[in-house]
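Architecture and fold: a report
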Amino acid sequence: MGNDATLTCNTGNLQRVLELTTRKQAVSGKMQEQVVACVLRGEGDSITTTSLVRDGCTSVATFGCDGTGTATIPIPDIARLQGVLNAHGQDLTIVQDGSKIRVKSGRKTTTLLADMGGLAFPHSTETVGEWEEKSRTLMGQVDPEGSYTLRDGSKREAFFSLLVDGSFLFEALRCDNINGQRLNRYTFTMNEDAELTLTVGDELKGRTTTQFEMEDGLTSEAWETTVEGGLESILKHYSGDVWLHFLDFRPEGQGIRMVLNLGLGDYVFQAAVIN
């Protein structure tokens, strides 16, 4: 029986990509995976995932790691694959063989059922393959450098961008967990003095506002946007510089959206919360 596709990578690196891909966020105080299935896409020297969250509209993200192989391998249950990886060594090979994938390290092989026709989410009508295609189509409109291509071909450029330290941003975001709140809501505010702040939590259990360091002479009109999406579960994996790009979709009634460029090809497009 021949092999359809093969990817090789470091097990720990793939675990990190899968953890990022699930995009865990708090829902009614409990952590929930926003993505439960994905496709591993090998492009020669990297392995990536591109996935919309379960509501199909509020966020799409691409995450990746070093790896070899040119293949697309479906993962119908990310948590199940993570469980398998916990039993394997550092150097990993994943082979798709018909409707199965074989996970190999050393002399150990674990087999899982997996094909593109599995459902993207429980009770979903779309398959893993269809969901990834939809995700990649949307992500094709997003430039990690801070622009979005509209349906008419024009580009919506970021009206404000800021380079921030990933660890600093994570520390600001994780204050959402003070006293177990886990509201999963982050409000960015620019005041008339061009001071940008991030506010999380409520005053009953502790509202925290963090001020970003701004370049001298930077100016901006006042604006505000609120996003969700389990951002602290993402930022805990990044300690280097990241870019925050804010795009104005208020003319369309969609608020101010954000592109979070994490570097090395990883980026997130996040819609605004519209009250």
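Predicted model, so just to flag it, every value in this text is computed and none were measured. (Residues numbered from 1 in each chain as written. Predicted model: local features only at pLDDT ≥ 70, side-chain atom pairs only at ≥ 80, totals over all residues. Heavy atoms only, no water.)

1. Considering the overall build of the protein chain
- Within the protein chain, the secondary structure is distributed over five helices and 19 strands.
- Relative to the 2.2 N^0.38 estimate, which gives 19 Å for 275 residues, the radius of gyration of the protein chain is 20 Å and therefore close to what a compact globule would have.
- Dimensions of the protein chain along its principal axes, counting C-alpha atoms only, are 65 × 45 × 35 Å.
- Across the 275 residues that make up the protein chain, the buried fraction comes to 50%.
- Intrachain contacts of the protein chain at a sequence separation of at least 6 include 61% that bridge at least 24 residues.
- When the accessible surface of the protein chain is summed, it comes to about 13,200 Å², and 46% of that surface belongs to carbon and sulfur atoms.
- Here the protein chain contributes 25 positive and 38 negative side-chain charges, whose respective centroids are spaced 10 Å apart. (Helix = DSSP H or I, 4+ residues; strand = E, 2+ residues; numbered from the N terminus. Rg over C-alpha atoms; globule rule 2.2 N^0.38 Å. Buried < 20%, exposed > 50% of the residue type's maximum accessible area, 1.4 Å probe, protein only. Contact = heavy atoms within 4.5 Å. Areas by Shrake-Rupley, 256 points an atom, 1.4 Å probe, with all protein chains shown as cover. Lys, Arg positive; Asp, Glu negative; His and termini not counted. Charge placed at Lys NZ, Arg CZ, Asp CG, Glu CD.)

2. With respect to the packing of helix α1 (residues 11-22) against helix α2 (residues 78-85)
- Interhelical geometry of α1 versus α2 gives an angle of 160 degrees and a closest axis separation of 10 Å. With respect to α2, the element α1 is oriented roughly antiparallel. Crossing angle aside, the handedness with which α1 passes α2 is left-handed. Here T11, L14, Q15, L18, E19, T21 and T22 of α1 lie close against α2, whose contacting residues are I78, L81, Q82 and L85.
- Here the residues of the contact of α1 with α2 are counted per class, giving five nonpolar, five polar and one charged. (Axes fitted to C-alpha atoms, helices over the stretch in contact; angles between N-to-C directions. Parallel < 35°, antiparallel > 145°, perpendicular 65-115°, else oblique. Left-handed = near helix turned anticlockwise from the far one by under 90°. Nonpolar A, V, L, I, M, F, W, Y, C, P; charged D, E, K, R; others polar.)

3. Structural notes on the pairing of strand β18 (residues 256-263)
- With seven of eight residues buried, β18 is to be regarded as a mostly interior element.
- As paired strands, strand β17 (residues 241-248) and β18 are joined by six bridges and run antiparallel to one another. Directly across from L247, in β18, lies its bridge partner R257.
- Across five bridges, β18 lies against strand β19 (residues 266-270) in antiparallel orientation. Counted as the bridge partner of M258 is Q270 from β19.
- Linking β18 to β19, which pair antiparallel, is a turn of two residues; within it L264 sits at a positive phi near 55 degrees. (Pairing = 2+ DSSP bridges.)

4. A closer look at the nonpolar core
- Residues L169 and F188 are the most contacted members of the largest nonpolar core, which totals 58 residues.
- A per-element tally of this core places strand β5 (residues 59-75) first, with six residues.
- W131, V142, Y148 and F269 belong to the second largest nonpolar core, which has 15 residues in total. (Core = buried A, V, L, I, M, F, W, Y, C linked by side-chain atoms within 4.5 Å.)

5. Digging into the packing of aromatic side chains
- Applying the stated rule across the entire model yields ten aromatic pairs.
- Ring geometry for Y148 versus F249: centroids 5.4 Å apart, planes at 85 degrees, classification edge-to-face. You can see Y148 sitting in strand β10 (residues 147-149) and its partner F249 sitting in the loop between β17 and β18, a full 101 residues away along the chain.
- Note on W223 and F246: the rings are 4.8 Å apart at their centroids and 50 degrees apart in plane angle, and the pair reads as tilted. (Phe/Tyr/Trp six-rings, centres within 6.5 Å; stacked < 30°, edge-to-face > 60°.)

6. A look at the state of the cysteines
- One pass over the full model with this rule turns up zero disulfides.
- Not part of a disulfide, C9 finds its nearest cysteine sulfur in C65, a span of 5.1 Å.
- In this structure C9 comes out as buried when scored by relative accessible area, which is 11%.
- C57 takes part in no disulfide bond, and the closest cysteine sulfur to it belongs to C38, at a distance of 20 Å. (Disulfide = S-S within 2.5 Å.)

7. Quick notes on helix α4 (residues 166-173)
- Those residues of α4 lying buried are G166, L169, F170, A172 and L173. Down the axis of α4, the smallest arc covering the buried residues is 160 degrees, so these residues share one side.
- Structurally, the start of α4 carries an N-cap: the backbone nitrogen of S167 is 3.1 Å from a side-chain oxygen of D165. (Arc of directions from axis to C-beta. Polar contact = N/O pair within 3.5 Å; in protein donor to acceptor, adjacent residues only side chain to side chain.)

8. Observations regarding unusual backbone geometry
- Its identity as a non-glycine residue notwithstanding, R182 has a phi of 50 degrees, on the positive side.
- Summarising the element assignment, R182 is placed in the loop between α4 and β13 (186-190).
- The backbone phi angle of L264 is positive, close to 55 degrees, even though this residue is not glycine.
- Inspection of the secondary structure assignment puts L264 in the loop between β18 and β19.
- With relative accessibility at 90%, the residue L264 sits in the exposed group.

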